[in-house]
Amino acid sequence: MSGDAERRDLTIVANKVGAGADVLGFDFDTMPSHQVGALRSAWLKYGILRFRGYDLTDEHQLNFLKREEDGAPTTYKDDEKVTVMTNLINGVPSGAGSNVELEWHTDSWFWEYPPVGEILRAMELPQTGGDTYWADMYAVYDALPEDLRSTIEGRLIQFDTVYNGHGNLRKGKEAPKTDDFRLWEHIRHPIIRTHPESGRKAVFVGQSKHEKNWIVGLPLEESKEILAKILSYVEKPEFQLHQKWQPGDTVIWDNRCTMHRRETWPDDQTRIMHRTTCNTKGQPRPFYVY
Ligand SMILES: O=C(O)CCC(=O)C(=O)O
Ligand SMILES: [Fe+2]
C-alpha cells in the first residue's frame, strides 16, 4: 500500500454531491478485523465504496472476498475467479464492450438470486469515456412522490427471462408463441425490496430500457409510465456516484440497493477491468416487508 493510506487508519469520506463514499486507509495486506467490520458498516450505509490510490493485485481482490468469517462485505464461492473484462482481441482494441452495460441495470436482475455485490478494478483505461455511474436506489425510493410509492408498494415487477439484452434467446429458451410478453417465461421480484441487512427499502426495476418489464397487475401503459418516472429519479445526479476511473481504482457495490451503467469509449482504445462477483450464499431472494 502506498504513502498516505498506510499511515491513516480507516476513514470513510462520503461523496459530497451524490451517492457512495471513498475508503481511505484500508489495509488490504492484513485486513484487520476492526477494519473489516467498519468497512462492512460503511458498505451497508453507502452501497458504493471507492478505493483510490491503493496498489492492489488480483490476490488482494480475491482475498477481500474470502473474509466471510469476519463479516467481510461479501461472501465467497470456492470457484471464485477474477474475470477479466477486456476489449482486446488478439491484442488489438476491438470495439467498446457490451452495449447492454450502457443501460441502467442491477446485475443479473432476472436471476432468482441476483448477486449481492460486485468488485470492479480498473487495469487499463481509454483516454476518454468509459466512465461508470451508480445510482442509490434507497435514495430513489425516498424521493418518490407519495402517490407513486403507494401505487407500487407491495407489487411485483416481472422480468422476461427469454431474451438477453442483445435480443437473442437465452440459453435453453425457446421463442415465445405469443406476442404478449406478459405470458412469456419470466421471473417476478418485489419492485420495492427490503434490504436483508439494513432493513431499508430500495426500488428494484431490473434494467432501464427493457420494454418487457411489467409491474404486475397494472395496465401496461400505466406500468410503462411509472417505470419511466422511476428512471427519471435514477437519472438525477444527486442520487449518483459518477466514477471517472483512474488506474487502480476499485469500486465495490451492493447490488441489492443500486443500479449502474457505463459510458462508451472510442472503439480503438483499450479498457480492461478486473471483476469479481460476490456470491449469494445464505442470502434470501429479494423480498418486501410492509
Ligand atoms: O465496466 C464497467 O464500468 C461496468 C460494467 C458493468 O455493468 C458491470 O461490471 O457489471
Ligand atoms: Fe453491470
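This section reports on the structure supplied with the text. (Residues numbered from 1 in each chain as written. Chains lettered and ligands numbered in written order. Predicted model: local features only at pLDDT ≥ 70, side-chain atom pairs only at ≥ 80, totals over all residues. Heavy atoms only, no water.)

1. Some thoughts on the coordination of the iron ion (ligand 2)
Of the protein atoms, only His105 (NE2), Asp107 (OD) and His260 (NE2) coordinate the iron ion (ligand 2), at distances of 2.1 Å. When the donor residues of the iron ion (ligand 2) are listed from N- to C-terminus, their spacing reads H-x1-D-x152-H. Side by side, histidine 105 and aspartate 107 carry an identical accessibility label, which is buried. (Donors = N, O, S within 2.8 Å, 3.2 Å for Na, K, Ca; no water. Buried < 20%, exposed > 50% of the residue type's maximum accessible area, 1.4 Å probe, protein only.)

2. As for the site of ligand 1
Neighbouring residues of ligand 1: Met85, Glu101, His105, Asp107, Leu120, Thr132, Trp253, His260, Arg262, Arg271 and Arg275. Contacts to ligand 1 include aspartate 107, whose side-chain N or O atom sits 3.1 Å from an oxygen atom. For ligand 1, whose accessible area on its own is 290 Å², the fraction buried by protein is 99%. The pocket occupied by ligand 1, as judged from atoms lying within 2 Å of grid points, is the largest pocket. Looking at the shell around ligand 1, its residues break down into three nonpolar, three polar and five charged. (Near = heavy atom within 4 Å. Polar contact = N/O pair within 3.5 Å; in protein donor to acceptor, adjacent residues only side chain to side chain. Areas by Shrake-Rupley, 256 points an atom, 1.4 Å probe, with all protein chains shown as cover. 1 Å grid on protein atoms, 1.4 Å probe; cavity = no way out; pocket = protein on both sides within 12 Å on 5 of 7 lines; lining within 4 Å. Sits in = over half its atoms within 2 Å of the grid points. Nonpolar A, V, L, I, M, F, W, Y, C, P; charged D, E, K, R; others polar.)

3. Re the sheet that holds strand β10 (residues 186-190)
An order of β10-β9-β13 is seen for the three strands of this open sheet, with the pairing classed as antiparallel. One side of each edge strand has no neighbouring strand; the edge strands of this open sheet are β10 and β13 (214-215). In terms of strand pairing, strand β9 (residues 156-160) meets β10 through five bridges, oriented antiparallel. Among the inter-strand pairings, leucine 156 is bridged to a residue of β10, identified as proline 190. (Pairing = 2+ DSSP bridges. Helix = DSSP H or I, 4+ residues; strand = E, 2+ residues; numbered from the N terminus.)

4. Some details on helix α6 (residues 220-234)
For α6, built from 15 residues, the straight-helix expectation of 21 Å at 1.5 Å per residue is met to within 8% by its first-to-last C-alpha distance of 21 Å. The complete set of buried residues in α6 reads Ser223, Ile226, Leu227, Ile230, Leu231, Tyr233 and Val234. Buried residues of α6, viewed axially, fall in a sector of 150°; they line one side. Structural note: α6 exposes Glu221 and Glu225 on the side pointing more than 90 degrees away from its buried face. (Expected span 1.5 Å × (residues − 1). Arc of directions from axis to C-beta.)

5. Describing the environment of asparagine 63
Here asparagine 63 lies in helix α3 (residues 58-66). Note on asparagine 63: relative accessible area 26%, which makes it partly exposed.

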